[in-house]
Amino acid sequence: MVGRVSPPKITPEMIRSWKGQRRICALTAYDYPTAKLLDEAGVPLLLVGDSLGTVVLGHPDTTFVTMADMEHHVRAAARARPMALLAADLPHLSYRSPEEAVANARRLVAAGAEAVKAEGGRAISAQVRAILAAGIPYLGHLGMLPQHVREEGAYRIKGRTEAERLGLLADADELAAAGAFAIVLELVTPPVAQEITAHVPIPTIGIGSGPLCDGQILVTNDLVGTFPWFTPRHVKPRLNAFAQMRAVIEEWLHSA
Ligand code: KIV
């Protein structure tokens, strides 16, 4: 009898090597069943994002997320033992110095993360280089940085001015030179996202940054409609799971 061939474990090096070869799709997972479902569906990169703070924990933005929150949810997602690469966000104020960044990246790895992500480019280059020197794979995040929403006052699209365009290119250069295996580009104008994608040797994974990145990432709850109270403009939910679940629950309530 011929057994099923299980897919290979996805590594950061594999994702890096997919630039120009295949699209890189990624979704968020904050718990065991979601990580298992996405992995079984073949999503190669799962992110325990700090979007957890809004779509699961009910905070107004991601700045409320703590290391303890992240560890708890990384442990849950890691119990799915995904073949996908499991990355996790360093939350707000958890990487103010290289030492703090490494200590907290190690905590996420101990919880089961196989790579970490933080927000920023040249401004956190010492932290990024320290994390990589500690042997922890690193995923960059440039463009609109949700952890800065309170200083900036809003979620603003980036890359609209020449200074922002040049800054993003320099940040992307720095992350690639430091050794990041890919860069998330969030709410970057599509032409600038396209330019960064052509410019850097590592994959770009866009969210709200147009179709011309090397791949796309979404918050799973936005894609399947389990957080209907706010849907970002760049997402067209493929399912209204919230409405369907509510209908089933109401039906049960009236029949039980
Ligand atoms: O926290 C998160 O889910 C993210 C993605 C939106 C990229 O950083």
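Small disclaimer: the values here were computed from a predicted structure and weren't measured.

Participant: Tell me about the environment of G53, residues and numbers included.
Facilitator: Here G53 is to be found in helix α3 (residues 52-55). For G53, a relative accessible area of 0% puts it in the buried group. In sequence terms G53 and E99 are 46 residues apart; their C-alpha atoms lie 25 Å from each other. Among all residues touching G53, those that are not within four sequence positions of it are G58, H59 and V65.

Participant: So what about the environment of P82? Which residues, and what values?
Facilitator: Relative to the helices and strands, P82 resides in the loop between α4 (67-78) and β3 (85-89). For P82, a relative accessible area of 8% corresponds to the buried category. Linking P82 and L38, residues 44 residues apart in sequence, is a C-alpha distance of 8.7 Å. In this structure, P82 is in contact with K9, D39, L46 and A77, ignoring residues within four places of it in sequence.

Participant: I'd like a description of the site of the ligand, backed by residues and values.
Facilitator: All residues adjacent to the ligand are T28, L47, G49, D50, S51, D89, K117, H141, V184, I207 and V219. A distance of 3.0 Å separates an oxygen atom of the ligand from a polar side-chain atom of D50. A distance of 2.8 Å is found between an oxygen atom of the ligand and a side-chain nitrogen or oxygen belonging to K117. In isolation the ligand exposes 260 Å². Once the protein is present, 95% of that is buried. In the shell around the ligand, the residues fall into four nonpolar, four polar and three charged.

Participant: Tell me about the sheet that holds β3, and name the residues and values.
Facilitator: With parallel pairing, eight strands are arranged side by side around a closed barrel as β1-β2-β3-β4-β5-β6-β7-β8. Within this sheet the neighbouring strands show an average axis-to-axis angle of 25°, counted without direction. Each of β2 (45-48) and β3 touches α4; the most contacted strand, β3, lies at about 170° to it.

Participant: Mind laying out the pattern of salt bridges, listing which residues take part and the relevant values?
Facilitator: If you walk through the whole model with that rule in mind, you get twelve salt bridges. In this structure, E164 and R156 form a salt bridge, with 3.5 Å as the shortest nitrogen-oxygen distance. Classification of R156 by relative accessible area gives partly exposed; the value is 40%.

Participant: Outline the packing of aromatic side chains, supporting the account with residue identities and numerical values.
Facilitator: Within the structure shown, the criterion is met by two aromatic pairs. Seen from their ring centres, F227 and W229 are 5.1 Å apart, and the 75° between their planes marks the pair as edge-to-face. When its relative accessible area of 58% is taken as the criterion, W229 is described as exposed. On the numbers, 4.9 Å between centres and 75° between planes, the contact of W229 with F242 is edge-to-face. Here F242 lies in helix α11 (residues 241-255) and W229 lies in the loop between α10 (220-224) and α11, a separation of 13 residues in the sequence.

Participant: Can you lay out the pairing of β2 for me, pointing to particular residues and giving the numbers?
Facilitator: Covered by surrounding structure in β2 are L45 and L47 together with L46 and V48, the residues of both alternating faces. Of the pairings in the sheet, the one linking strand β1 (residues 24-28) to β2 comprises three bridges and is parallel in character. The residue of β2 that forms the bridge with A26 is L45.

Participant: Kindly report on the nonpolar core, identifying the contributing residues and their values.
Facilitator: Counting residues in each nonpolar core, the largest one holds 57 residues, and the members touching the most others are L108, V116, I131, Y138, L185 and I196. Ranked by residues supplied to this core, first place goes to helix α8 (residues 162-178) with six residues. Among residues more than four places away in sequence, those in contact with V116 are A88, L90, A105, L108, I131, I136, P137, Y138 and L139. The next biggest cluster of nonpolar side chains, apart from the first, holds 17 residues, and it includes I15, I24, V184 and I217.

Participant: Got a sec to walk through helix α9 (residues 190-199)? Specific residues and values, please.
Facilitator: Buried within α9 we find V192, A193, I196 and T197. Summarising the axial view, the buried residues of α9 lie within an arc of 140°, below the 170-degree limit, and thus occupy one face. Of the exposed residues in α9, the ones pointing more than 90 degrees away from its buried face are P191 and A198. Residues of α9 that are buried in the fold lie against α8, β6 (182-186) and β7 (204-207).

Each value, and the rule that gives it
Along each chain, residue indices are assigned from 1 in the same order as the chain's sequence is written. Whole-chain, interface and lining totals are the exception, using all residues; otherwise, since this is a predicted model, local features are given only for residues with pLDDT of at least 70 and side-chain atom pairs are given and counted only at 80 or more. Heavy atoms from the whole structure form the basis of all side-chain values; hydrogens and water molecules are not counted. In this text, helices come from DSSP runs of H or I with a minimum length of four residues, and strands from runs of E with a minimum of two, each type numbered from the N-terminal end. Whether a residue is buried, partly exposed or exposed follows from its accessible area with a 1.4 Å probe, protein chains only, as a fraction of its type maximum: under 20%, in between, or over 50%, in that order. The contact definition used throughout considers only heavy atoms, calling two residues in contact when any of these lie within 4.5 Å. Throughout this document, a residue counts as near a molecule or strand when at least one of its heavy atoms sits within 4 Å of that molecule or strand. Two N or O atoms form a polar contact when they lie within 3.5 Å of each other; inside protein one atom must be a possible hydrogen donor and the other a possible acceptor, and for residues adjacent in sequence the pair counts only when both atoms belong to side chains. Surface accessibility follows the Shrake-Rupley procedure with a 1.4 Å probe radius. Residue values consider only the protein chains on display as shielding. Just so you know the grouping, Ala, Val, Leu, Ile, Met, Phe, Trp, Tyr, Cys and Pro go in nonpolar, Asp, Glu, Lys and Arg go in charged, and all remaining residues, Gly too, go in polar. Pairing between strands requires that DSSP locate at least two bridges from one strand to the other. Convention adopted: a line fitted to C-alpha atoms gives each axis, helices being fitted over their contacting stretch, and angles between N-to-C directions are expressed from 0 to 180 degrees. Any Lys or Arg side-chain nitrogen located within 4 Å of an Asp or Glu carboxyl oxygen qualifies as a salt bridge. We call Phe, Tyr and Trp rings a pair once their centres come within 6.5 Å, taking the six-membered ring for Trp, and we label the pair stacked below 30 degrees between planes, edge-to-face above 60, and tilted otherwise. Take the buried residues of types Ala, Val, Leu, Ile, Met, Phe, Trp, Tyr and Cys, join any two whose side-chain atoms come within 4.5 Å, and each joined set is a nonpolar core. Picture the helix axis, draw a direction to every C-beta atom, and the arc is the one those directions span.

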